[in-house]
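Chain and residue survey
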Amino acid sequence: MIKLFISHSSEDAELAAIFVQLIVTALMVKAQDIRCTSVDGYRLPGGSDTDEQLREEALGAECFIGVISSQSLASAYVLFELGARWGARRHLIPLLAPGLRPQALKGPLRGLNALSCDSMADIHQLIAELASRMHIQSESPAVYQRQLEALVYYATTLEIPVDSTPTKEHIVDKHLIGVTATQIPSQDDDYAASGEIIAQHCEREWPEDFSMRAYCINQQQEAVEKLRQGRPSDIPEEVFYQIRRKCAREWPDDFSMRQYSKEQQTAAYRSLQSRRQQPIY
């Protein structure tokens, strides 16, 4: 019998795949114990009766996560799975996709406490609750920190909904256009108050858990040390400045995510440069 059923829309397959990798790393759950129909390795078996097997697994799974997005709320299959699970009074946790708030839940689901995939605290809580319900020991947060950061990073870098009002973090810095190396300020400016920023950030994330707060502070301080290492030799100074500014805008008080974002942007720049150098036949 499936231990964890992840109900989601096929349009949220990328988000589901990142979430599955986090669960596998954090809880060491085997692939055959997870059903996530849009993710390779966790799909339904070939030749199975789709409707019948989904019905059985949605009702019988030990744990059930419903990835709630505007797409899943419009999916007949997802609504069927959520309704069947709720009606059976079985374990059900709504996991809100990026941009969605609890107010989006309708009917009986509104009475359930929803967690958000763009909150590290919520995901830590989710992992702890799944481990407890499945009677397994979760890995140390250090083991799955990278997967956790990847999920939150994905959740916070999606396009802003057209009906939302952009915040200052989403507005493009026009002064970056045409910037020259001589205009680039010292990167030390970004980290001058890092100690105070880290303390406040970790206290907000973990107000009542001093162990996790200490772990958070340690992770943030390590990220600051990596950020202070400066520009890789293969990245032009102007490009590095733009990357650093972008990451600082998006993660003003989270240096761990800022470092992760910087690594992603740097890797993307290298990939683009590599493609440009490939011969065209």
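Right above here is the structure, for reference.
Residues numbered from 1 in each chain as written. Predicted model: local features only at pLDDT ≥ 70, side-chain atom pairs only at ≥ 80, totals over all residues. Heavy atoms only, no water.

**Let's talk about the packing of helix H1 (residues 13–27) against helix H4 (residues 120–133)**
Note the threshold: The angle between two axes is taken between their N-to-C directions and runs from 0 to 180 degrees, where each axis is a line fitted to C-alpha atoms and a helix contributes only its stretch in contact. In this text, helices come from DSSP runs of H or I with a minimum length of four residues, and strands from runs of E with a minimum of two, each type numbered from the N-terminal end. Angular relationships are summarised with four words: roughly parallel below 35 degrees, roughly antiparallel beyond 145, roughly perpendicular across 65 to 115, and oblique for the angles in between. Should the near helix be turned anticlockwise from the far one by less than a right angle, the crossing is left-handed, and should it be turned clockwise, the crossing is right-handed. Contacts between residues were defined by any pair of non-hydrogen atoms, one from each residue, lying within 4.5 Å. Residues are grouped as follows: nonpolar covers Ala, Val, Leu, Ile, Met, Phe, Trp, Tyr, Cys and Pro; charged covers Asp, Glu, Lys and Arg; every other residue, Gly included, is treated as polar.
Taken N-terminus to C-terminus, the directions of H1 and H4 make an angle of 55 degrees; their axes are 11 Å apart at the nearest point. By the angle between their directions, the pair H1 and H4 is classed as oblique. As H1 runs across H4, the sense of the crossing is right-handed. Across the interface between the two elements, Phe19, Leu22, Ile23, Ala26 and Leu27 of H1 pack against Ile123, Leu126, Ile127, Leu130 and Ala131 of H4. Its residues assigned to classes, the contact of H1 with H4 shows 10 nonpolar, no polar and no charged.

**Topic: the side chain of Ser75**
Selection criterion: Exposure classes here rest on a 1.4 Å probe applied to the protein chains alone. A residue is buried below 20% of its type maximum, exposed above 50%, and partly exposed in between. Here a polar contact is recorded for every N or O atom pair within 3.5 Å, except that within protein the pair must consist of a potential hydrogen donor and a potential acceptor, and residues adjacent in sequence are included only if both atoms are side-chain atoms.
Here Ser75 lies in the loop between strand S3 (63–68) and helix H3 (76–87). Assessed through its relative accessible area of 17%, Ser75 is described here as buried. A polar contact of 3.3 Å, which involves the side chain of Ser75, links it to the backbone nitrogen of Val78.

**Some remarks on the nonpolar core**
This is how the line gets drawn: To qualify as a nonpolar core, a set must consist of buried Ala, Val, Leu, Ile, Met, Phe, Trp, Tyr and Cys residues joined through side-chain atoms within 4.5 Å.
Counting 41 residues, the largest nonpolar core has Leu27 and Leu130 as the members making the most contacts within it. Counting only elements with at least two residues in this core, the list comes to strand S1 (4–7), H1, S3, strand S4 (93–96), H4, helix H5 (141–156) and helix H10 (255–277). Dropping the residues within four chain positions of it, Leu27 is found in contact with Ile127, Leu130, Ala131, Met134, Ile136 and Ser138. Formed by 16 residues, the second largest nonpolar core is a distinct cluster that contains Leu44, Phe64, Leu100 and Ala114.

**Quick word on the pairing of S1**
The condition that has to hold: At least two DSSP bridges between two strands are needed for those strands to be called paired. Handedness of a crossover is defined as follows: with both strands directed away from the viewer, a clockwise route from the first strand across the helix to the second makes it right-handed.
Alternating residues of S1 divide into Leu4 and Ile6 and Phe5 and Ser7, and every residue in both groups is buried. For S1 and strand S2 (residues 34–35), the ladder comprises 2 bridges, and the chain directions are parallel. Across the sheet, residue Leu4 finds its bridge partner in S2, namely Ile34. What joins S1 to S2 is H1, and the crossover it makes is right-handed.

**Considerations on the side chain of Ser194**
Locating Ser194 in the fold gives a position in helix H7 (residues 194–205). Classification of Ser194 as buried rests on a relative accessible area of 11%.

**Topic: the state of the cysteines**
Note: disulfide means a covalent bond formed between the sulfur atoms of two cysteine side chains. Spelled out, the test is: Note on disulfides: each one is a pair of cysteine sulfur atoms within 2.5 Å.
Taken as a whole, this structure holds 1 disulfide when the rule is applied. Here Cys202 pairs with Cys216 through a disulfide, and the sulfurs are 2.2 Å apart. Between Cys202 and Cys216, the S-S dihedral sits near -75 degrees, and the bridge is therefore left-handed. Placement of the pair is Cys202 in helix H7 and Cys216 in helix H8 (residues 210–227), with a sequence separation of 14 residues. Taken as a pair, Cys202 and Cys216 share a single burial class, namely buried.

**With respect to the pairing of S3**
Of all 6 residues making up S3, 6 are buried, and the element is well covered by its neighbours. Residues Cys63, Ile65 and Val67 of S3 are buried on one face, and the alternating residues Phe64, Gly66 and Ile68, pointing to the opposite face, are buried as well. Where S1 lies against S3, 4 bridges are found, and the strand directions are parallel. Bridge pairing in S3 links Leu4 to Cys63. The pairing of S3 with S4 spans 4 bridges and is classified as parallel. Within S4, the position partnered with Gly66 by the bridge is Pro94. Of the crossover connections in this fold, the one passing from S3 over H3 to the parallel S4 is right-handed.

**Considerations on the packing of helix H2 (residues 50–60) against H3**
The contact between H2 and H3 brings their axes to 9 Å, and the two run at 40 degrees. The orientation of H2 with respect to H3, classified from their angle, is oblique. At the point where H2 passes H3, the crossing takes the right-handed sense. Where H2 approaches H3, its residues Asp51, Leu54, Arg55, Ala58, Leu59 and Gly60 are matched on the opposing element by Tyr77, Phe80, Glu81, Ala84 and Arg85. The class makeup of the residues in the contact of H2 with H3 is 6 nonpolar, 1 polar and 4 charged.

**A few points about the pattern of salt bridges**
Stated formally: Think of a salt bridge as a Lys or Arg side-chain nitrogen and an Asp or Glu carboxyl oxygen that are within 4 Å of each other.
Counted according to the given criterion, the structure contains 6 salt bridges. One salt bridge in this structure joins Arg43 and Asp40, with 2.8 Å as the shortest N-O distance. Residue class for Arg43 comes out partly exposed when judged on its relative accessible area of 41%. Judged by its relative accessible area of 60%, Asp40 falls in the exposed class. A salt bridge links Arg204 to Asp253; the shortest N-O distance between them is 2.2 Å. Here the residue Arg204 occupies a position in helix H7, and Asp253 occupies one in the loop between helix H9 (237–250) and H10, the gap between them amounting to 49 residues.

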